[in-house]
Amino acid sequence: MPLYVVPRTRAWLSEEEVAAATDCMPAVNATLSEHIRWIRSYIVGEDDGTFSAYCVYEASNPEVLRRHADALGLPTDAVKPVTVTIVAAPDPEPAAA
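This structure is a prediction, so every number in the text was calculated from the model and none was measured. (Residues numbered from 1 in each chain as written. Predicted model: local features only at pLDDT ≥ 70, side-chain atom pairs only at ≥ 80, totals over all residues. Heavy atoms only, no water.)

Let's talk about the confidence of the model for the protein
Per-residue pLDDT for the protein averages 88, and the proportion of residues at 70 or more is 98%. Model confidence for the protein, summarised as mean pLDDT per element, is weakest for helix H2 (residues 25-30) at 73 and strongest for strand E4 (residues 80-81) at 97. (pLDDT = per-residue confidence, 0-100. Helix = DSSP H or I, 4+ residues; strand = E, 2+ residues; numbered from the N terminus.)

See the structure below:
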């Protein structure tokens, strides 16, 4: 399946909303069909205190990702196909807060 990056600008307003979204990951994964596989998400803090995400998926087509986001009430700024993946090193473990 093709690989996509989905930016989600200001998807969460607080750290509590990010934590709640993290807690529901098993339920979100249960909604995925054979046409979509969530690989990972990078959550970033914005200057205004909100949080955005850059989510990486495998999906049969971009429309599957848009329908999935609509069903979960997530913003979808774009669905960008990945052309080339360059891995310099594996993702490190997040630093303790």
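Examining the sheet that holds strand E2 (residues 36-45)
Strand order across the open sheet formed by 4 strands is E2-E3-E1-E4, with antiparallel pairing between neighbours. Edge positions in the sheet fall to E2 and E4, since each of these pairs with one other strand and no more. Relative to strand E3 (residues 51-59), strand E1 (residues 3-12) runs antiparallel, the two sharing 7 bridges. Looking at E3, one finds that Leu3 is bridged to Glu58. Sitting on the sheet, helix H1 (residues 15-23) touches E1, E2 and E3, and the angle it makes with E1 is about 140°. (Pairing = 2+ DSSP bridges. Contact = heavy atoms within 4.5 Å. Axes fitted to C-alpha atoms, helices over the stretch in contact; angles between N-to-C directions.)

A word on unusual backbone geometry
Phi is positive for Arg10, which is not a glycine, with a value near 50°. Mapped onto the fold, Arg10 is located in strand E1. Note on Arg10: relative accessible area 41%, which makes it partly exposed. (Buried < 20%, exposed > 50% of the residue type's maximum accessible area, 1.4 Å probe, protein only.)

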